[in-house]
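Each chain, letter by letter, is given below.
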Amino acid sequence: MAANILVGEDQFSCSVCLEILKNPVAIPCGHSYCMVCIKNCWDQTDHTGVYSCPQCRNTFTPRPDLCRNTVLAEVVEKLKKTGFNPLPAQSYARPGDVPCDFCTGRKFKAVKSCLTCLASYCETHVKPHSEVTPLKRHRLVNAIGNLEQKLCAEHQRLCEVFCRTDQIFICWLCADKEHKSHDTVSAETERTGKQKQLRETQTEIQQRIQERLKEVEELKQAVVSLKRSTCIEIKESEKIFTELIRSIEKIHTEVIQLIGAHEKAAVNQAEGLMKKLEQEIAELRRRNAELKQLSETEDHIHFLQNFQSHCAHEAGELPSITVNTDISFGAVRKAVSELKDHIEDFCKGGLVKINKTVNETAVYTLGSRSSDRCLKVNEVAVYGLQAPNPRNRAEFLKYSCQPTLDPNTAHRNLCLSEGNRKVTRRGETQRCPDNPERFDSRSQVLCREGLFGTRYYWEIECSGRGADIGVAYKGISRKGVDRSCILGLSDKSWSLSCSDSNYTAWHNNNQTAITAPHSPRIGVYLDFNAGILSFYGVSDTMTLLHRFQTTFTEPLYPGVFVYPKSTATVCQLN
């Protein structure tokens, strides 16, 4: 009876989805399928024009029409009403599953393997091992495949012993004979030792996973920061290049106006001279007519009386004129061409420097891993994607930059020199145009360059009474006597006050007194992405004076507040 039921179940199951037939159809070879299943199979072979049966592989051309098998559908529905419940699809052995060794015909998936019988059983055929007393003593494990490979080729017994000497699995007979003098243990004992090593490896892998997940998150944040910084830089660059284009257009206009003005002046001069020449020509013609009349007179006395007055040389005549017949502005054109070449060469050099700077702006860096176990990429050990902080001046200099002071921001009592690297505070006020960027009440100056997205290092040397050295957002106050204009006295700036006797760190009008030996040269280290701003006393060694830890949200501009009778210089580090 059970065999008949199994046959019946096979007949009413679709060999594609392995479930009871739904909307069954019969194809020309006689096999039945769910309409959706066979349709999907044939849709995938439409490009070949040849259609086959998934079971018997018979082929059909053209594609057969699919019609619902009404009789079979009714039988299936009646069986369902009588309690017909075929085994679920997952009970059949699929590719990769261990099949039951005792099933005939279509095999079900094995759930247990017997190491005594060396066979695998489905849920139905494994039941005797739990019901028959002799079989209860057999060793059952979860279904495993290729049991024959676990047999000793010589004795056809299960390999339950591990030979540590030869690093192979053997049976107990082999252990008593060929491997008698070897170091042998049961497979279970060897497994116990290896299991501990496996757990250690798993722990290490899990730790590595957590480290990598953290690094992935940091990378995501770095990418977000990069995109934000890129947008800011593009806007700032567009603004700078717009100003540059305007400057070039202004020079262009001035050159055109200069040539035009010269042309107008030269034409006016030439026309004035032509008028004088025409007047002189008229006068000479008049005199020539008088002389001709005098020469033709027959009255000797009249001739002699008027000769002296007509022949005398008259002063006031124009000097001789040499006319330039080859008028050209070639020299002007040459000067303009030289200016163009100079600008192009300068821009090319600047582009190389910009390209180098852009390429040095990295989302991540590769460093060495402190652990002995490490991954290697091109012989560089990877421990994380953030390079370690510099430890000595040579490492700081890897991030050196050369900020230049912006004269448009300098207070009127500050004098810039040495290519806008040096600033000196004087008693007298200089005349200079006012603009929105200039500090009008504080003896302060910012640099042109906005710093963001990577690491920077620069040094400033002070002389005299001292200076406040720091950085600020572009939105720092510039006008009025409000203290927020001063570096460090608002939430838009950070600074280190450096006098000849002490240091004080400032941010948002909060101060931190610092006790350290005086150093005339201060090193400033900025890690924009990490939110680190550090000040160092630079001598034979680097002495950390103060470190700010925060989050920077926009480009930072280096700046200096200069004390009376003092000088600050941005040092050349290259």
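Each value, and the rule that gives it
- Residues numbered from 1 in each chain as written.
- Predicted model: local features only at pLDDT ≥ 70, side-chain atom pairs only at ≥ 80, totals over all residues.
- Heavy atoms only, no water.
- Pairing = 2+ DSSP bridges.
- Helix = DSSP H or I, 4+ residues; strand = E, 2+ residues; numbered from the N terminus.
- Axes fitted to C-alpha atoms, helices over the stretch in contact; angles between N-to-C directions.
- Buried < 20%, exposed > 50% of the residue type's maximum accessible area, 1.4 Å probe, protein only.
- Core = buried A, V, L, I, M, F, W, Y, C linked by side-chain atoms within 4.5 Å.
- Contact = heavy atoms within 4.5 Å.
- Phe/Tyr/Trp six-rings, centres within 6.5 Å; stacked < 30°, edge-to-face > 60°.
- Salt bridge = Lys/Arg side-chain N within 4 Å of Asp/Glu carboxyl O.

Digging into the sheet that holds strand 16 (residues 455-463)
The pairing of strands in a sheet comes from backbone hydrogen bonds and takes either a parallel or an antiparallel form.
Piece 1. In space, the 7 strands of this open sheet follow the order 13-14-25-16-21-22-23, with antiparallel pairing throughout. The two strands at the open ends of the sheet, each matched to only one other strand, are strand 13 (414-417) and strand 23 (542-549). Each strand axis lies, on average, 20° off the axis of its neighbour in the sheet, ignoring direction.
Piece 2. Here strand 14 (residues 422-425) runs beside strand 25 (residues 567-570); their pairing, made up of 3 bridges, is antiparallel. Across the sheet, residue Thr-424 finds its bridge partner in strand 25, namely Thr-567.

Quick notes on the environment of Gly-419
Piece 1. With respect to the helices and strands, Gly-419 occurs in the loop between strand 13 and strand 14.
Piece 2. Classification of Gly-419 as exposed rests on a relative accessible area of 62%.
Piece 3. Separated by 15 residues in sequence, Gly-419 and Thr-404 have C-alpha atoms that sit 7.8 Å apart.

Focus on the nonpolar core
Piece 1. By size, the foremost hydrophobic cluster in this structure holds 37 residues, and its most contacted members are Trp-458, Leu-496 and Leu-533.
Piece 2. At 4 residues, the largest contribution of residues to this core is made by strand 16.
Piece 3. Every residue in contact with Leu-533, bar those within four places of it in the chain, is listed here: Val-471, Trp-494, Val-524, Tyr-525, Leu-526, His-546, Arg-547, Phe-548 and Phe-552.
Piece 4. Counting residues in hydrophobic clusters, the runner-up holds 16 residues, among them Cys-14, Trp-42, Phe-60 and Leu-72.

Concerning the packing of aromatic side chains
Piece 1. Scanning all chains against the criterion turns up 15 aromatic pairs.
Piece 2. Plain terms: the ring middles of Phe-396 and Tyr-457 are 5.2 Å apart, the flat faces sit at 40° to each other, and that makes the pair tilted. You can see Phe-396 sitting in helix 10 (residues 393-396) and its partner Tyr-457 sitting in strand 16, a full 61 residues away along the chain.
Piece 3. A network of ring pairs unites the aromatic residues Phe-396, Tyr-399, Tyr-457, Tyr-525 and Tyr-536 as a single cluster.

Overview of the pattern of salt bridges
It is possible for side chains bearing opposite charge to pair when their charged atoms get close.
Piece 1. Evaluation of the coordinates by the stated rule reveals 21 salt bridges.
Piece 2. Ionic pairing is found between Asp-527 and Arg-455, a salt bridge with its closest N-O pair at 3.2 Å. One end of the pair, Asp-527, is in strand 21 (residues 521-527); the other, Arg-455, is in strand 16, and 72 residues separate them in sequence. The burial state of Asp-527 is the same as that of Arg-455; both residues are buried.
Piece 3. One continuous salt-bridge network, built from bridges that share partners, spans Arg-164, Asp-183, Glu-190 and Lys-194.

Function cannot be inferred from these measures alone, as they are strictly geometric.
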